[in-house]
Every structure is written in structure tokens, then in C-alpha cells.
Amino acid sequence: MTRKVIIVETSRIILGTVFVLSSTAKGIDPMGLSIKIGEYLSALHLTFLEPYSLELGMILCLVEFSLGALVLMGIYRHWVVRLTWLLMLFMTLLTLWIALANPVADCGCFGDLIKLTHQQTLFKNIILFGLSFVLVGSPRKISRILKKEEIWPMVGLMAFAFVFFTVKNYRHLPMKDFRPYPVGLNLQSAVDDAHVKTEDEYTFEFIYSKDGKLKSFDMNNLPDDGWEFVERKETLVKKGESAAWVDFVLFNSKGEEVSEHILHHPKGAILVMAPFLEKANWSAAEKLNALYRQALEQGYIFYAVSASTYEGISQWRLQTKSIYPMLFMDATTIKTIVRGNPGLVLIRKGIIVDKLNYFDIPNIKRANKFIDKVLNQENTPFRHTWTAIPLGLWIMLTLLAAIRRMRRAGKLSQLKEHNTAHIDKL
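Residues numbered from 1 in each chain as written. Predicted model: local features only at pLDDT ≥ 70, side-chain atom pairs only at ≥ 80, totals over all residues. Heavy atoms only, no water.

Peer 1: Looking at this structure, I do not really get the packing of aromatic side chains. What am I missing?
Peer 2: Between two aromatic rings, the relevant description is the distance of the centres plus the angle of the planes. The full count for this structure, using the stated rule, is 15 aromatic pairs. An aromatic cluster is built from Phe 65, Phe 162, Phe 165 and Trp 394, whose rings are joined through pairwise contacts. We note Arg 171 situated over the ring of Phe 359; from NZ or CZ to the ring centre the distance is 4.1 Å. (Phe/Tyr/Trp six-rings, centres within 6.5 Å; stacked < 30°, edge-to-face > 60°. Lys NZ or Arg CZ within 6 Å of the ring centre and 35° of its normal.)

Peer 1: Can you help me understand the sheet that holds strand β4 (residues 269-274) in this one?
Peer 2: Paired through their backbone hydrogen bonds, the strands of a sheet run either parallel or antiparallel. Taken in spatial order, the five strands make up an open sheet running β6-β5-β4-β7-β8, and their pairing is mixed. A single partner strand is all that each edge strand has here, and the edge strands are β6 (326-328) and β8 (351-357). With direction set aside, neighbouring strand axes in the sheet form an average angle of 25 degrees. Judged from the six bridges that link them, strand β7 (residues 343-348) and β8 form a sheet pairing that is antiparallel. Across the sheet, Leu 344 pairs through a bridge with Leu 356, a residue of β8. (Pairing = 2+ DSSP bridges. Helix = DSSP H or I, 4+ residues; strand = E, 2+ residues; numbered from the N terminus. Axes fitted to C-alpha atoms, helices over the stretch in contact; angles between N-to-C directions.)

Peer 1: Would you take a moment to explain the pairing of β4 for this structure?
Peer 2: Two faces make up the sheet, and in a regular strand the side chains alternate between them. Across the six residues of β4, six count as buried, placing the element largely inside the fold. Of the two faces of β4, both are covered, the one formed by Ala 269, Leu 271 and Met 273 as well as the one formed by Ile 270, Val 272 and Ala 274. Relative to β7, β4 runs antiparallel, the two being bridged by five bridges. Residue Ile 270 lies in a different strand from β7, and its bridge partner there is Leu 346. (Buried < 20%, exposed > 50% of the residue type's maximum accessible area, 1.4 Å probe, protein only.)

Peer 1: What exactly am I supposed to notice about a negative patch on the surface here?
Peer 2: Among the surface-exposed residues, Asp 192, Asp 193, Glu 257 and Glu 260 lie close enough to one another that they form a single negatively charged patch. Within the secondary structure, Asp 193 sits in helix α7 (residues 187-194). (Patch = residues over 30% accessible without salt bridge, like charges linked within 9 Å, V, L, I, M, F, W, Y side chains within 5 Å. Areas by Shrake-Rupley, 256 points an atom, 1.4 Å probe, with all protein chains shown as cover. Salt bridge = Lys/Arg side-chain N within 4 Å of Asp/Glu carboxyl O. Lys, Arg positive; Asp, Glu negative; His and termini not counted. Charge placed at Lys NZ, Arg CZ, Asp CG, Glu CD.)

Peer 1: Just checking my understanding: could you explain the nonpolar core for this structure?
Peer 2: As a rule of thumb, soluble globular proteins bury nonpolar side chains together. Core analysis: the biggest nonpolar cluster contains 38 residues, and Phe 65, Met 73, Ile 75, Leu 135, Leu 146, Met 158 and Trp 394 have the highest contact counts within it. At the level of elements, α1 (3-27), α2 (30-43), α3 (53-73), α4 (77-101), α5 (118-137), α6 (151-171) and α13 (389-425) are the ones that each hand at least two residues to this core. Look past the residues within four positions of Trp 394 in its chain and what remains in contact with it is Phe 65, Ala 69, Met 73, Met 154, Leu 157 and Met 158. One finds Ala 274, Phe 302, Trp 316 and Leu 346 within the second-largest nonpolar core, a separate group that totals 32 residues. (Core = buried A, V, L, I, M, F, W, Y, C linked by side-chain atoms within 4.5 Å. Contact = heavy atoms within 4.5 Å.)

Peer 1: What is the right way to read the confidence of the model for the protein from this model?
Peer 2: Detailed reading of the predicted coordinates is not advisable wherever pLDDT falls low. Summarising the model, the protein shows a mean pLDDT of 87, and 91% of its residues fall at 70 or more. Mean pLDDT in the protein bottoms out at strand β3 (residues 228-238), which sits at 73, and peaks at α6, which reaches 96. (pLDDT = per-residue confidence, 0-100.)

Peer 1: Would you mind going over the packing of α3 against α4 with me for this structure?
Peer 2: When two helices pack together, their arrangement is given by the angle between the helix axes and by the axis-to-axis distance. The geometry of α3 relative to α4 is characterised by a closest axis approach of 10 Å and an angle of 135 degrees between their N-to-C directions. Classified by the angle between their axes, α3 and α4 sit oblique to one another. Along this stretch, α3 crosses α4, giving a crossing that reads as left-handed. Across from Leu 67, Leu 70 and Val 71 in α3, the residues of α4 making contact are Trp 79, Val 80, Leu 83, Thr 84 and Leu 87. (Parallel < 35°, antiparallel > 145°, perpendicular 65-115°, else oblique. Left-handed = near helix turned anticlockwise from the far one by under 90°.)

Peer 1: Explain the environment of Phe 178 to me, please; I cannot follow it from the model alone.
Peer 2: Note that Phe 178 resides in the loop between α6 and α7. Put simply, Phe 178 and Ile 28 are 150 residues apart on the chain and 9.8 Å apart in space, counted from C-alpha to C-alpha. What Phe 178 contacts, discounting residues up to four positions off in sequence, is Ile 28, Asp 112 and Leu 113.

Peer 1: What is the right way to read unusual backbone geometry from this model?
Peer 2: Most peptide bonds are trans, and most residues other than glycine sit at a negative phi. Residue Pro 342 is reached from Asn 341 by a cis peptide bond, and omega for that bond is 10 degrees. Along the chain, Pro 342 turns up in the loop between α11 (331-337) and β7. With a phi close to 55 degrees, Lys 349 is a non-glycine residue in the positive phi region. With respect to the secondary-structure elements, Lys 349 resides in the loop between β7 and β8.

Peer 1: What am I meant to see in the state of the cysteines here?
Peer 2: Taken as a whole and judged by the stated rule, the model has one disulfide. Bridging Cys 107 to Cys 109, the disulfide has an S-S length of 2.4 Å. The exposure class assigned to Cys 109 is buried, which follows from its relative accessible area of 11%. With no disulfide of its own, Cys 61 lies closest to Cys 109 among cysteine sulfurs, the gap being 12 Å. On the accessibility criterion, Cys 61 (1% relative accessible area) is buried. (Disulfide = S-S within 2.5 Å.)

Peer 1: Quick question: what am I supposed to make of the side chain of Ser 23 here?
Peer 2: Summarising the element assignment, Ser 23 is placed in helix α1. With a relative accessible area of 0%, Ser 23 lands in the buried category. Here Phe 19 takes part through its backbone oxygen, which lies 2.8 Å from a polar atom of the side chain of Ser 23. Once residues lying within four places of it in the same chain are set aside, the contact partners of Ser 23 are Cys 61, Glu 64, Phe 65 and Phe 162. (Polar contact = N/O pair within 3.5 Å; in protein donor to acceptor, adjacent residues only side chain to side chain.)

In C-alpha cells form, the structure reads like this:
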């Protein structure tokens, strides 16, 4: 294998793997990606596209995954590497603008899995752009790991697997929650701990002057009166921390904080959470009303939580005929806690025991059994049994094809060496 082939193959593997990992991390949380796309559209003054941010995010994610997967499989090499180069050119220029203008908090390149600074994101994209440039210059040197008859089945499986994975994570909430409020969190303890902030730790250096000479002293070894104080320098040793759960603050219509009441309720609480009720999907309204009645009968508390105005709440009540009481919370915190709109959060003894998107809210017949199952007896139901299986199948088949390609290349290399040695003997 020549040096140029090694460079091309290394570039192909790194670039394709990063694309696949990045798109998969975003595909786990489609609503989070939608929120990030909305931030970008707002910063670019393209607010007319914000209602389509979910669809735009999913399309962008699919394109990124497809290009990475095709690069790894080594098929459609000429146009795939050109599209990859164009995408990296666009992303590099975009992240340069982000690094200079700081329009969003973070790029969202890897969803909530990995947080990068603007400078780290720009550096990453410059490297990936360079790798894509290598591939554009030598597309024929990219190894094709699939046989001709395997190409279309593998491309079809790849596209289906990723779309299936993304849609499942949208309908049933992320299969892996990387945010500060995952299922199983003892929210009561977390909120209590959050109020105890760790202070920043510093070391202090004192500069004194004597006979025209400067000398440094620490706090425990200060000089006598013959020295003249010049300045004090401080160095940050350890940054203090405060947990994100401090944002879990609920208010009733009178402006009174009721977070403690929710977290310390002896039986449990069911919270219907939506950042803005006027934008929430009301198809599950009848099921929510039935769930509310069942919760009251069994002694649980039930609230809707939103950042809506009174006009928005009135509109929601009119459309859904709901009578459950309302609480208020910051919209960003609601979006962080649950990605559904509306979403359901169940809390037992201060612990988040389940979170549901509105698709999974039980119907009227199952409402009673659902409350008893989740809040009283059993563990949280797992809703992602099949979510990653098609994607895992594609990964497994791709790896097997790559191993087969490596073995075939090794046999050809041995055969070539054998023939060369045979000719030399002749």
C-alpha cells in the first residue's frame, strides 16, 4: 500500500466516522436539534423558517449521516466526496462566523453528548475540511468495501436505519438523556445540593519592593515593614460549581414557589410540561384529562407547567376543555427537562421515575393501570427496544464487509509477493 493510499484511507475513515457519530448524537435528540436550528435561524434573521426547524434538522442530520456512511462504504465516490467537501466548506465558514460573532451558546455539533467551544468547533472543522480536500483529490484511491450487488441493499438499509432511529427518538423521547434531568435522578437531593455553591479557589501572590528590587511572597510569608507593597496577583486554582438543577423552580398563579410541595409530596406528582401551551400539540388532550381524573382519585397531584401567558393558557383550556391547575416555569428549563410538547414527567418521592412524549400518554382505559405501574410498583418501561437495531445491523454488516475487504487485499498482496519471488527465481 502506497503512502498516498494510506493518507486517503486514513482521511476516509476519520471523516466518515466523525460524520456518522456526529449525526447519530444529534439523531438521539431530534427536538434538541430543532431547538438549536431555531437558534441559528433566529441569529441569521430567517425567522420565517423557524416553524420548519424540526424538519430542517432531520434532513440535515440525514444528509450528514448518509455522506459519512457512503464515505465509509466507499461507494459513489466521485460525487460523495465533492458533496462532503462542499458541506465542510459551508460548515467551516459557518463556524468561523460563530467564533467571531458568538450568535449561539454552542454549535450543537454532537448534540448534548459533547460540548465544544466555538474555537474547538472551528479547529475541528478546519481539520475535517482538510481531510475532505484529500478525498476530493483522489476519489479513485478510496476503497470500495461492498460488492456491486450489495450496494443498493446496504444503501437502503442505511437510510431506513437512520430515519427509523431518528423518528423513534422523536416519538418516544431520547433513548439516552444527556441533559441534567434524566430518568432516575433524585431531583429532591439535586435541588437541595444545588443551593450549596462551591466557591472559586485562588492562590495569592504579593509583590513587594525594597532597594529597587521586586520580590514575591505568599500569604503565609509576608515581609517586614522594610518592604513596600506593590501589588497582589491572584491565580484561579479551581473553578467553583453550581448544579444546573437550581433552575427547577415552580410558581403558582399567585407567584408563590411550590417546588418543595411537588418534590416532597408523599405519593407522587404528574407534570404536563409545555414551554408554550399555544404551540403544544393538543391531540392528547382527552387522554390528559382522563389521566388527571385518575391521578386525583388515587391521591396524586397533577399540574400543567408552562411559561405561557394567561391568554395562551385560556386558549389551551378552551381547546382541550382541561381543568387541571397550572404552574409556571422558565421555558428553557422546561425544554431541558422534557423534549415533548407537551411532555409528561412523573415524580415519586422526589425522583424522576418516567418521562413521556405526548405520543406515549396512555389512553383512557389504560390511565389507571399506567399510574399504578409507574408511580407505585414497577420500574420505568423501556420504549426503545427496536430503536437502534436496524442501525446496529448496518454497522455490523459494514464492519464485516470492511474485514472481508482487508482479507481480500491481504491475499492479493501475498499472491503478488509470491509471483514476484517466483519471477526473481526464474
